[in-house]
Amino acid sequence: MKPHISVLTIGVDDLETALRFYRDGLGLPTGGIIGREFEHGAVAFFDLQGGLKLAIFSRANIAHDAGIMQSARSPTEFTLGHNVGSKAEVDAVMQRAIAAGARLVKPAQKTFWGGYAGYFQDPDDHLWEIVFNPAFLPAA
């Protein structure tokens, strides 16, 4: 198997609130919510780098679609990492996220491994790490 993840879907409690946070607050490009005509189909996709998509989908609809029970939020199950090109960009993204309604978890600071990073939680408690890691600089 060649690893190729094309969509990362995160569960949200309120699709409209999550849409506003990611589209209006963080500025991620999207066509908005689609699939409203289906009982369990409303979803929004955001364009990321290299064709990768971030999707937001109701937690209840994920559970329904997968045929499992809906579980409680757990912000430590995974983190979403956004590597940027400088310490100043880390600070700018963190400030933008907080202004959009994110909750500051750990202010950006020097890391033990020589980088610079901070954490915030989005309105659905997903944990985001905004990081400047010179070893993983994003493509220009």
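Structure: above.
Here we summarise the structure given alongside this text. Not measured: the values here are computed from a predicted model.

Looking now at the overall build of the protein. Along the backbone of the protein there are three helices and eight strands. Over its C-alpha atoms, taken along the principal directions, the protein stretches across nearly 45 × 35 × 25 Å. Residues counted as buried form 37% of the 140 residues belonging to the protein. Look at the contacts in the protein between residues 6 or more apart in sequence, and 51% of them connect residues 24 or more apart. Summed over its atoms, the accessible surface of the protein is roughly 8600 Å², and 57% of this surface lies on carbon and sulfur atoms.

It is worth spelling out a nonpolar patch on the surface at this point. A cluster of nonpolar side chains, namely V7, I34 and F45, defines an oily patch on the protein surface of about 230 Å² accessible area. With respect to the helices, strands and loops of the structure, V7 is situated in strand β1 (residues 7–12).

Quick look at the packing of aromatic side chains now. Counting across every chain of the model gives five aromatic pairs. Taking 5.0 Å as the distance between ring centres and 85° as the angle between the ring planes, the aromatic pair formed by F21 and Y22 counts as edge-to-face. Assigned by exposure class, F21 and Y22 land together as buried. Between Y22 and W128, the aromatic rings sit 6.0 Å apart at their centres with planes inclined by 45°, giving tilted as the arrangement. Separated by 106 residues along the polypeptide, Y22 in helix α1 (residues 15–25) and W128 in strand β8 (residues 127–132) bring together distant segments of the chain. Pair check on accessibility: Y22 and W128 agree, each one buried. Three or more aromatic residues joined by ring pairs form one cluster here, namely F21, Y22, F46, F120 and W128.

The next subject is the sheet that holds strand β6 (residues 103–110). By way of backbone hydrogen bonds, the strands of a sheet pair with one another, either parallel or antiparallel. Here four strands make up an open sheet; going across it, the order is β5-β8-β7-β6 and the pairing mixed. The open sheet terminates on both sides in strands that have one partner only, identified here as β5 (79–83) and β6. The sheet shows a mean angle of 15° between the axes of neighbouring strands, taken without regard to direction. Across six bridges, strand β7 (residues 116–121) lies against β8 in antiparallel orientation. By the bridge assignment, G118 is partnered in β8 with I130. Helix-sheet contacts for helix α3 (residues 87–99) involve β5, β6, β7 and β8, and the interaxial angle to β7 is about 10°.

Turning next to the pattern of salt bridges. Within this structure, the stated rule accounts for eight salt bridges. Residues E16 and R36 are paired through a salt bridge, measuring 2.8 Å at the closest nitrogen-oxygen approach. One end of the pair, E16, is in helix α1; the other, R36, is in the loop between β2 (30–34) and β3 (43–47), and 20 residues separate them in sequence. Classification of E16 as partly exposed rests on a relative accessible area of 32%.

Analysis parameters
- Residues numbered from 1 in each chain as written.
- Predicted model: local features only at pLDDT ≥ 70, side-chain atom pairs only at ≥ 80, totals over all residues.
- Heavy atoms only, no water.
- Helix = DSSP H or I, 4+ residues; strand = E, 2+ residues; numbered from the N terminus.
- Buried < 20%, exposed > 50% of the residue type's maximum accessible area, 1.4 Å probe, protein only.
- Contact = heavy atoms within 4.5 Å.
- Areas by Shrake-Rupley, 256 points an atom, 1.4 Å probe, with all protein chains shown as cover.
- Patch = residues over 30% accessible without salt bridge, like charges linked within 9 Å, V, L, I, M, F, W, Y side chains within 5 Å.
- Salt bridge = Lys/Arg side-chain N within 4 Å of Asp/Glu carboxyl O.
- Phe/Tyr/Trp six-rings, centres within 6.5 Å; stacked < 30°, edge-to-face > 60°.
- Pairing = 2+ DSSP bridges.
- Axes fitted to C-alpha atoms, helices over the stretch in contact; angles between N-to-C directions.

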